[in-house]
Amino acid sequence: MKQRKLFGTNGVRGIVNSEFTVDMVTKLASSSGSYLGKEIAVGRDGRTTSIMFRDAVIAGLLSVGCNVHDLGSLPTPALQYGVKYFGLDGGLMITASHNPPEFNGIKVMASDGVEVSREQETEIEDIYFKGGPDLVSWDTIGSVFEKDSLHIYRDTVISHVDSEAIREACLKVAVDPGNGVAAYVAPDIASSLGCSVYTVNVDVDGTFPGRSSEPRPDNLSMLIELVKASGADIGIGFDGDGDRAIFVDEKGEVHWGDRSFALVAKEYLTNNPGSIVATPVSSSQVISDVVTDLGGKVVWTKVGSVVVSRKMVDEDIKLGGEENGGIMYGPHIETRDGSIALVLILEIMAKKGKPLSQLFGELPQYFQSKERVTCPNELKRDVLSKFIEKSDAPEVETIDGVKMKYPEGSWVLVRPSGTEPIFRIYSEAASQMDANVLANENKNKLVAFIKELSE
Ligand code: MG
């Protein structure tokens, strides 16, 4: 029998009132609350359906005797920091992150503010699928406390950088929260650091009228225009719940997340020689290059920010990141945080006194290619085994799918999707043509193995 699952890569998500309903959410909240403990934070993003789910989450938590600390509408990393700061037993964030407006979801945090581990997700699912937890008697139902944590969060984020140096640099910053909840903090943080701040899509609006809530090079045109029109030194585009950020340089060029992570890693390793950095196997070789050049080490993980965060906590690693713009800074909290990414990059710009395009230009350059191949779920395991067996790469890693490494930093990752009947192929090389060739060769191999094994 297929194991029933609620949690995906980042919490539980679905289309509202079909895949993701009030009934489900109430039971998920009571199951999570009974598992996590007594004092639970609740937060929500700016989606039109988030108020409805806030009430469902609160009802579920109270029914199992939890006290609810309602932190209101705020970025996910602010809720996460709030859990840690107030010493609570856990937190539930109502958000579907970067998904389209018809979606909503829940992210579940443990007492350290970091999302619960994959094993803990399964334990919560077990409670849920056994019919939900035992409810408490009427006279032990919990209470609701409203708390404002945004100013604490803002001050803490700022405390991690040299605010005097940033102030003296008088930087101009263009901010695009994409109508998401980063609007509540990011412009404020930048102006508190003495920056001139220009904004676009700054009204929190759950219909996301300005752009898709996932910041990608193809939908940041308004931010690029704003950078050019205002003469900004830097532009930053956030995702819907403010945990991921993508940067635009002063020339209006968008830089993907593994390059901004590489900038942060380079600075961190310079100041903390020999440090360890955690990142998923799908991240660019540029991370490995800057970290190892400075005497550090990269710990590769499975794909998914939760896995990186948990690895950081378990092994006391202070810096982590993902290629999609998630930077985790352990001295603050081991979770993705778009505002921390912003202040760390501002600090680098201020201290180096160089334009952002130049800072990015000093990083090693790689080119990437992506492909996908359809494969029935029941064949994935055998196809992958065969692929590993037949690989002629000098170095093979099987942390998540199979990553084959070649000389001069080239690699290709072949990975079965956890949710769809497909294999994803990612490749990277020193030229676009080499990256395309690597992806295509492996695509053809994969297609041949799938055909052979399905006969
Ligand atoms: Mg997000």
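Up top is the structure these notes are about.
The following paragraphs examine the structure supplied in this document. Bear in mind the structure is a predicted one, so any value in this text is a computation, not a measurement. (Residues numbered from 1 in each chain as written. Predicted model: local features only at pLDDT ≥ 70, side-chain atom pairs only at ≥ 80, totals over all residues. Heavy atoms only, no water.)

### With respect to the overall build of the chain
Test applied: Starting at the N terminus, helices and strands are each numbered in turn, a helix being any DSSP run of H or I of at least four residues and a strand any DSSP run of E of at least two. C-alpha atoms define the radius of gyration in this analysis, and the globule rule sets the expected value at 2.2 Å times the number of residues to the power 0.38. Each residue is placed in one exposure class: buried if its accessible area under a 1.4 Å probe, protein chains only, is under 20% of its type's maximum, exposed if it is over 50%, and partly exposed if it falls in between. Only heavy atoms enter the contact rule, under which two residues are in contact if any of them lie within 4.5 Å. Computed with the Shrake-Rupley method and a 1.4 Å probe, the accessible areas treat only the protein chains shown as cover for residues. A positive count includes Lys and Arg, and a negative count includes Asp and Glu. His and the chain ends are not counted in either. By convention, charge coordinates are those of NZ in Lys, CZ in Arg, CG in Asp, or CD in Glu.
Secondary structure summary: the chain contains 15 helices and 21 strands in total. Radius of gyration (C-alpha) of the chain: 22 Å, near the 23 Å computed for a compact globule of 455 residues. Its C-alpha atoms put the chain at 65 × 65 × 40 Å along the principal axes. In the chain, which comprises 455 residues, the proportion classed as buried is 59%. Expressed as a percentage of contacts within the chain between residues at least 6 apart in sequence, the contacts between residues at least 24 apart total 69%. Here the chain displays about 17900 Å² of accessible surface, and carbon together with sulfur accounts for 49% of that area. Positive and negative side-chain charges of the chain, numbering 46 and 65 respectively, have mean locations separated by a distance of 3 Å.

### Here we look at the packing of helix H14 (residues 380-390) against helix H15 (residues 432-454)
The description of two packed helices rests on the angle between their axes and on the distance between the axes. For clarity, the cut-off: A fitted line through C-alpha atoms serves as each axis, taken over the contacting stretch for helices, and the angle formed by two N-to-C directions is quoted from 0 to 180°. Any angle that is under 35 degrees is reported as roughly parallel, and any over 145 degrees as roughly antiparallel; angles of 65 to 115 degrees are reported as roughly perpendicular and all others as oblique. Helix crossings fall into two classes, left-handed where the near helix is turned counterclockwise from the far one by less than a right angle and right-handed where it is turned clockwise.
Look at H14 against H15: their axes get within 10 Å of each other, and the N-to-C directions meet at 125°. The orientation of H14 with respect to H15, classified from their angle, is oblique. Judged by the twist between their axes, the crossing of H14 over H15 is right-handed. Facing Asp382, Val383, Lys386, Phe387 and Lys390 of H14, the residues of H15 in contact are Asn442, Lys445, Leu446, Phe449, Ile450, Glu452 and Leu453.

### Observations regarding the sheet that holds strand S6 (residues 144-146)
Whether parallel or antiparallel, the strands of a sheet pair through hydrogen bonds between backbone atoms. Cut-off, in case you're wondering: We call two strands paired when DSSP finds no fewer than two bridges between them.
One open sheet holds the six strands; their spatial order is S1-S5-S4-S2-S3-S6, and the pairing between them is mixed. Of all the strands in the sheet, the pair left with one neighbour each is strand S1 (12-15) and S6. Taking each pair of neighbouring strands and ignoring which way they run, the sheet shows an average axis angle of 20°. Across five bridges, strand S2 (residues 39-44) lies against strand S4 (residues 90-94) in parallel orientation.

### With respect to the coordination of the magnesium ion
Cut-off, in case you're wondering: A donor here means any N, O or S atom no more than 2.8 Å from the metal (3.2 Å for Na, K and Ca); water is not included, so a site may seem to lack partners.
The magnesium ion binds to the protein through Ser97 (OG), Asp239 (OD), Asp241 (OD) and Asp243 (OD); the donor distances cover 2.0 to 2.2 Å. Sequence positions of the donors to the magnesium ion reduce to the motif S-x141-D-x1-D-x1-D. Side by side, Asp239 and Asp243 carry an identical accessibility label, which is buried.

### Focus on the sheet that holds strand S21 (residues 422-429)
Ordered in space as S17-S21-S20-S19-S18, the five strands form an open sheet in which the pairing is antiparallel. With partners counted over all chains shown, the strands left at the sheet margins are strand S17 (367-374) and strand S18 (395-397), one partner each. Along the sheet, successive strands turn relative to each other by an average axial angle of 15°, direction set aside.

### A short note on helix H1 (residues 22-36)
Quick reminder of the rule: To estimate the expected span of a helix, subtract one from its residue number and multiply by 1.5 Å.
Over its 15 residues, H1 runs 20 Å from end to end, which matches the ideal 21 Å to within 8%, given 1.5 Å per residue. Among the residues of H1, those classed as buried are Met24, Val25, Leu28, Ala29, Ser30, Ser31, Ser32, Gly33 and Leu36. The elements touched by buried residues of H1 are S1, S2, helix H2 (50-63), S4, strand S5 (103-109) and helix H4 (118-129). Directly beyond the C-terminal end of H1, a positive phi value near 140° is found at Gly37.

### Focus: helix H10 (residues 285-293)
Selection criterion: Polar contact is the term for a pair of N or O atoms within 3.5 Å; when the atoms are in protein, one must be able to donate a hydrogen and the other to accept it, and sequence-neighboring residues count only if both atoms are side-chain atoms.
A large share of H10 lies buried, amounting to seven of its nine residues. Within H10 the residues assigned to the buried category are Gln285, Val286, Ile287, Ser288, Asp289, Val290 and Val291. Of the surrounding secondary structure, the elements contacted by the buried residues of H10 are helix H9 (257-271), strand S12 (276-280), strand S13 (297-301), strand S20 (411-416) and S21. Of the residues flanking the start of H10, the one acting as N-cap is Ser284, its side-chain oxygen 3.0 Å from the backbone nitrogen of Val286.

### What about the pairing of strand S9 (residues 234-238)?
For S9, the buried fraction is high: five of the five residues fall into the buried class. Burial along S9 is two-sided: Ile234, Ile236 and Phe238 facing one way and Gly235 and Gly237 facing the other are all buried. Bridge count between strand S7 (residues 172-176) and S9: four bridges; the pairing is parallel. Bridging from a neighbouring strand, Asp176 pairs with Gly237 of S9. Across five bridges, the pairing between S9 and strand S10 (residues 245-249) is antiparallel. Across the sheet, Phe238 pairs through a bridge with Ala245, a residue of S10. What sits between the antiparallel neighbours S9 and S10 is a turn of six residues, in which Gly242 has the positive phi angle 75°.

### Some thoughts on the packing of H9 against H10
To be explicit about the condition: Throughout this entry, Asp, Glu, Lys and Arg are counted as charged residues, while Ala, Val, Leu, Ile, Met, Phe, Trp, Tyr, Cys and Pro are counted as nonpolar. The remaining residues, Gly among them, count as polar.
Across the interface, H9 lies against H10 with an axial gap of 9 Å and an inter-helix angle of 10°. Relative to H10, the element H9 lies roughly parallel. Contacts between H9 and H10 pair Asp258, Arg259, Phe261, Ala262, Ala265, Lys266 and Leu269 from the former with Val286, Ile287, Val290 and Val291 from the latter. Of the residues assigned to the contact of H9 with H10, the class counts are eight nonpolar, no polar and three charged.

### Quick word on the state of the cysteines
Rules: Disulfides are defined in this document as cysteine sulfur pairs within 2.5 Å.
All chains considered together, the criterion is met by zero disulfides. Not part of a disulfide, Cys195 finds its nearest cysteine sulfur in Cys170, a span of 8.7 Å.

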